[in-house]
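Single-letter residue listing:
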Amino acid sequence: MIIRGAALTAIALAMAPAQVPLKLLDRDKAHTEYSFPIRPDGKPFNFRVELDRTMTVTGVSVFREGESTPLQTLPVCKGISEQLYENDSERELLEHADLNFDGFEDLELLQYYHPHLGTKAFCIFTWDNKSAQFRYAPEIPGPNPIPHPENKTITTHQDWMGGVYTDSVYKWTGVKFVLIESSGRTSNTGDRKCGFVDHCEKIVRGKMVTTLWRPVMCSDSEGEDPPLVCPTEVPKK
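Only a predicted model underlies this, so the values are computations on that prediction, with no experimental measurement involved.

1. With respect to the pairing of strand E10 (residues 153-159)
Then, number 1: Judged from the three bridges that link them, strand E9 (residues 146-148) and E10 form a sheet pairing that is antiparallel. Opposite His148, over in E10, you have Thr153 as the bridge partner.
Then, number 2: What sits between the antiparallel neighbours E9 and E10 is a turn of four residues, in which Lys152 has the positive phi angle 55 degrees.
Then, number 3: Counting the residues in the hairpin turn of E10 and strand E11 (residues 165-172) gives five residues, including Gly162, whose phi is positive at 85 degrees.

2. A short note on the pairing of E11
Within a regular beta strand, the side chains point alternately toward one face of the sheet and then the other, so they alternate between its two faces.
Then, number 1: Here E10 pairs with E11 via seven bridges, running antiparallel. For Thr153, the partnering residue across the bridge sits in E11 and is Lys171.

3. Considering the side chain of Arg91
Then, number 1: Position of Arg91 relative to the elements: it lies in the loop between strand E4 (72-75) and strand E5 (94-97).
Then, number 2: In this structure the side chain of Arg91 is engaged in a polar contact, spanning 2.8 Å, whose partner is the side chain of Asp88.
Then, number 3: The contact partners of Arg91, leaving out residues within four places of it in the chain, are His31, Tyr34, Glu82, Leu110 and Tyr113.

4. So, a nonpolar patch on the surface
Then, number 1: A cluster of nonpolar side chains, namely Leu179, Ile203 and Met208, defines an oily patch on the protein surface of about 200 Å² accessible area.
Then, number 2: Tracing the backbone through its elements, the reader meets Ile203 in strand E13 (residues 194-204).
Then, number 3: Residue class for Ile203 comes out partly exposed when judged on its relative accessible area of 31%.

5. So, the nonpolar core
It is characteristic of soluble globular proteins that their nonpolar side chains tend to be buried jointly.
Then, number 1: In this structure, Phe47, Leu94, Leu107, Leu109 and Phe134 are the most contacted members of the largest nonpolar core, which totals 38 residues.
Then, number 2: Among the secondary structure elements, those contributing two or more residues to this core are strand E1 (33-37), strand E2 (44-51), strand E3 (57-63), E5, strand E6 (106-114), strand E7 (119-128) and E11.
Then, number 3: If sequence neighbours within four positions are ignored, Phe47 has contacts with Thr32, Glu33, Tyr34, Phe36, Ile38, Val60, Ser61, Val62, Leu94, Leu107 and Phe134.

6. Details of the packing of aromatic side chains
Then, number 1: One pass over the full model with this rule turns up eight aromatic pairs.
Then, number 2: Plain terms: the ring middles of Phe36 and Phe47 are 4.5 Å apart, the flat faces sit at 15 degrees to each other, and that makes the pair stacked. With Phe36 in strand E1 and Phe47 in strand E2, the pair connects residues that are eleven residues apart, well separated along the chain. Side by side, Phe36 and Phe47 carry an identical accessibility label, which is buried.
Then, number 3: Centre to centre, the rings of Phe47 and Phe134 are 6.2 Å apart; their planes meet at 65 degrees, and the pair counts as edge-to-face. Residue Phe47 is found in strand E2, and its partner Phe134 is found in strand E8 (residues 133-136); the two are separated by 87 residues along the sequence. One exposure class covers both Phe47 and Phe134, and it is buried.
Then, number 4: Chaining the aromatic ring pairs together yields one cluster made of Phe36, Phe45, Phe47, Trp127 and Phe134.

7. Digging into unusual backbone geometry
Then, number 1: In this structure, Pro143 follows Gly142 across a cis peptide bond, with omega equal to 0 degrees.
Then, number 2: Relative to the elements of secondary structure, Pro143 occurs in the loop between E8 and E9.
Then, number 3: Non-glycine residue Asn144 carries a positive phi angle of around 50 degrees.
Then, number 4: Looking at the element boundaries, Asn144 is found in the loop between E8 and E9.
Then, number 5: With phi around 50 degrees, Arg205 is a residue other than glycine that occupies positive phi space.
Then, number 6: Its location among the elements puts Arg205 in the loop between E13 and strand E14 (207-218).
Then, number 7: The exposure class of Arg205 is exposed, given its relative accessible area of 81%.

The rules behind these values
Residues numbered from 1 in each chain as written. Predicted model: local features only at pLDDT ≥ 70, side-chain atom pairs only at ≥ 80, totals over all residues. Heavy atoms only, no water. Pairing = 2+ DSSP bridges. Helix = DSSP H or I, 4+ residues; strand = E, 2+ residues; numbered from the N terminus. Polar contact = N/O pair within 3.5 Å; in protein donor to acceptor, adjacent residues only side chain to side chain. Contact = heavy atoms within 4.5 Å. Patch = residues over 30% accessible without salt bridge, like charges linked within 9 Å, V, L, I, M, F, W, Y side chains within 5 Å. Areas by Shrake-Rupley, 256 points an atom, 1.4 Å probe, with all protein chains shown as cover. Salt bridge = Lys/Arg side-chain N within 4 Å of Asp/Glu carboxyl O. Buried < 20%, exposed > 50% of the residue type's maximum accessible area, 1.4 Å probe, protein only. Core = buried A, V, L, I, M, F, W, Y, C linked by side-chain atoms within 4.5 Å. Phe/Tyr/Trp six-rings, centres within 6.5 Å; stacked < 30°, edge-to-face > 60°.

This is the structure:
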């Protein structure tokens with residue numbers, strides 16, 4: 001699932017915890033300065049996460065080593081933006097990884113964080129070596145993207161309230177990411193005896209095929225449900 005704009009706002013509101021009065025974080029305590037090379041043999045770039053007067057993330061400025069004028073100032077994506085409070089002094093606002101497997105580090109600017117569910121949504125910018133600049137990259141899957149360079153895939157994990165979750169695997173084709181596997185637990189609306197359904201899907205000959213659909217947490221079941229393990233082969237009908 002690639003989360004953008006209005007969808008991200010809806011998710012954030014749905015998952016928002018009960019409001020607790022907190023003070024805004026002292027600006028001097030926010031972790032806004034970062035430095036790292038964008039390629040293994042390169043000089044480090046410096047990065048400054050920009051905050052407005054409400055301590056809300058508004059973007060990130062990019063500086064070459066030794067320069068005080070930014071190469072770029074990248075705005076945060078449209079939708080909800082992370083706001084910092086007094087317990088956020090250790091919050092990492094900028095992360096980096098090679099998300100499109102081209103040998104260059106890409107930027108993950110924190111847009112939304114839900115501590116209870118461990119959900120991080122990022123505004124992502126990939127390095128374009130031809131233009132020598134970062135560009136907005138909505139094609140990178142999220143939330144919680146983890147790149148796997150050995151097979152050029154990104155895995156994502158999304159927890160929802162009540163034990164529902166989704167795991168997804170996206171394959172980089174050299175042009176775009178394609179969803180090739182999905183699994184998780186969803187609410188069961190078709191059987192009143194069972195509260196949830198465990199499921200698995202995968203791409204087979206260009207089409208997404210369901211390889212497992214198993215009602216769980218059923219009132220007439222004995223013992224615990226087995227852990228979800230997706231079949232390695234497509235079951236025969």
